Amino acid sequence: MNELIIELTDISPRDFFGQQNENIQLIKKYFPKLKIVARGSKIKVYGDEELLEEFDKRFDMLTTHFAKYNKLDENAIERVLTSNGQEEVSSKSSNEVLVHGVSGRLIKAQTANQRRLVDACKKNDMVFAIGPAGTGKTYTGVALAVKALKEKQVRRIILTRPAVEAGENLGFLPGDLKEKLDPYMQPLYDALRDMIAPEKLEKYIEDGTIQIAPMAFMRGRTLDNAFVILDEAQNTTHAQMKMFLTRMGKSAKFLLTGDPGQIDLPRRVISGLKEALLILKNVEGISIIYLDDKDVIRHKLVKKVIDAYKNIEHQN
């Protein structure tokens with residue numbers, strides 16, 4: 001039986017291995033034919049030479065991830081150990097800080113697909129980001145918009161959503177239109193608050209540099225010199241999607257995010273997003289990036305919830 005010895009250098013074994021070696025226990029599940037023993041800063045691995053070579057390569061990718069993000073969790077381990085070997089390969093954009101957020105927070109793309117989204121937005125003026133909840137579609141998009149504004153690539157940011165209620169009725173909420181819509185737009189506000197200081201954000205919203213509005217407010221406008229994000233695009237109708245896409249003006253970037261698995265439209269109403277993905281899939285200058293459950297960066301239970309629902313849907 002062959003032996004591989006790996007010693008951690010410049011990395012805290014306690015942080016890397018996790019509490020009660022939980023990360024090592026998880027890694028073992030992906031290499032059931034290897035015997036893996038972790039003691040101190042050393043890991044000894046026993047097994048066939050071919051498997052040891054694969055383990056050595058993947059373990060190096062894990063340490064690279066840890067060095068980059070100062071953390072290693074269940075989602076990261078799964079992404080690295082089930083990827084095609086390109087997950088943690090460094091590229092020009094892989095380690096790029098998109099925005100220096102509030103309190104010095106460094107905001108980066110954290111997964112391979114999020115990095116593909118960043119690259120796609122650099123190369124194309126219209127990008128679709130498709131994937132389930134928690135995959136960072138909107139958050140990464142807002143970071144890209146803030147980056148473009150700070151670097152004066154655009155003059156304004158426009159964030160919009162179709163006003164379709166997920167099982168709720170906005171008409172019964174108290175207040176005027178803005179007060180009714182603000183809670184609905186909360187995910188967009190939350191992302192912006194991570195990236196722009198409160199006073200500056202308030203000023204940007206007051207002077208129109210940043211606009212957050214429902215889809216209906218887009219009709220008749222020409223959106224130029226702007227980074228425009230359509231969030232929850234799966235809830236647009238055919239007419240709404242066509243109207244939005246034709247608002248694009250000069251020097252504009254359009255990012256559309258959505259989850260075709262969470263459509264809140266009435267029955268028999270075709271999702272404008274699903275239709276657009278079919279119609280525009282071969283149009284030059286438009287990029288479609290798909291994110292999946294490996295990109296989930298919320299609580300680890302979110303991925304398990306997505307998997308559980310996916311299993312039920314496949315059975316029906």
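Analysis parameters
Residue positions are given per chain, counted from 1 along the sequence in the order it is written. Whole-chain, interface and lining totals are the exception, using all residues; otherwise, since this is a predicted model, local features are given only for residues with pLDDT of at least 70 and side-chain atom pairs are given and counted only at 80 or more. Just so you know, side-chain values use all the structure's heavy atoms and leave hydrogens and water out. Helix and strand assignments follow DSSP, with helices taken as H or I runs no shorter than four residues and strands as E runs no shorter than two, numbered in order from the N terminus. Only protein chains enter the calculation, and the probe is 1.4 Å; a residue is then buried if its accessible area is under 20% of its type maximum, exposed if over 50%, and partly exposed in between. Whether two residues touch is decided by their heavy atoms; if any such pair falls within 4.5 Å, the residues are in contact. In this scheme, patches are assembled from residues that exceed 30% relative accessible area and form no salt bridge. Like charges are connected within 9 Å, while nonpolar side chains (Val, Leu, Ile, Met, Phe, Trp, Tyr) are connected within 5 Å. Accessible areas in this description were obtained via Shrake-Rupley with a 1.4 Å probe; residue shielding takes into account the shown protein chains only. Put simply, a salt bridge is a Lys or Arg side-chain nitrogen that is within 4 Å of an Asp or Glu carboxyl oxygen. The charged-residue count follows a simple rule in which Lys and Arg add positive charge and Asp and Glu add negative charge, with His and chain termini not counted at all. All charge positions are set by atom: Lys at NZ, Arg at CZ, Asp at CG, Glu at CD. Two strands qualify as a pair provided DSSP detects at least 2 bridges between them. Residue-level confidence of the predictor is what pLDDT reports, using numbers from 0 through 100.

J.: I'd like to hear about the overall build of the protein chain, residue by residue, with values.
T.: Regarding its fold elements, the protein chain presents 12 helices and 11 strands. Burial statistics for the protein chain: of 316 residues in total, 48% are counted as buried. Excluding contacts between residues fewer than 6 apart, the proportion of contacts in the protein chain whose partners are at least 24 apart in sequence is 71%.

J.: Tell me about unusual backbone geometry, residues and numbers included.
T.: Non-glycine residue Gln-20 carries a positive phi angle of around 50°. Here Gln-20 lies in the loop between helix H1 (13-17) and helix H2 (22-30).

J.: I'd like a description of a negative patch on the surface, backed by residues and values.
T.: On the surface, a cluster of negative charge is made up of Asp-48, Glu-49, Glu-50, Glu-53, Asp-56 and Asp-60. Mapped onto the elements of the fold, Glu-49 is located in helix H3 (residues 49-69).

J.: Describe the pairing of strand E9 (residues 226-230), naming the residues involved and giving the relevant values.
T.: Burial within E9 is extensive, with 5 of its 5 residues counted as buried. Residue alternation in E9 divides its side chains into two sets, Ala-226, Val-228 and Leu-230 and Phe-227 and Ile-229, and both sets are buried. In this sheet, E9 lies alongside strand E7 (residues 156-161) in parallel orientation, the contact comprising 5 bridges. Along E9, the bridge assignment pairs Arg-156 with Ala-226.

J.: Could you give an account of the environment of Met-61, naming the residues involved and the relevant values?
T.: Secondary-structure assignment places Met-61 in helix H3. In this structure, the C-alpha to C-alpha distance between Met-61 and Ile-77, residues 16 residues apart in sequence, is 9.6 Å.

J.: Mind laying out the confidence of the model for the protein chain, listing which residues take part and the relevant values?
T.: With 87% of its residues at a pLDDT of 70 or more, the protein chain has an overall mean of 85. Across the protein chain, the element-wise mean pLDDT spans from 57 in helix H7 (residues 177-181) up to 98 in strand E6 (residues 126-130). Confidence over residues 165-170 falls short of pLDDT 50; this stretch has 6 contacts with residues more than four positions distant or in other chains.

J.: Would you mind going over a positive patch on the surface in detail, with residue names and values included?
T.: On the surface, Lys-35, Arg-39, Lys-42 and Lys-44 cluster together into a patch of positive charge. Contributing elements (two or more residues each) for the positive patch: strand E2 (35-39) and strand E3 (42-47). Tracing the backbone through its elements, the reader meets Lys-44 in strand E3. Residue Lys-44 is classed as partly exposed on the basis of its relative accessible area of 35%.

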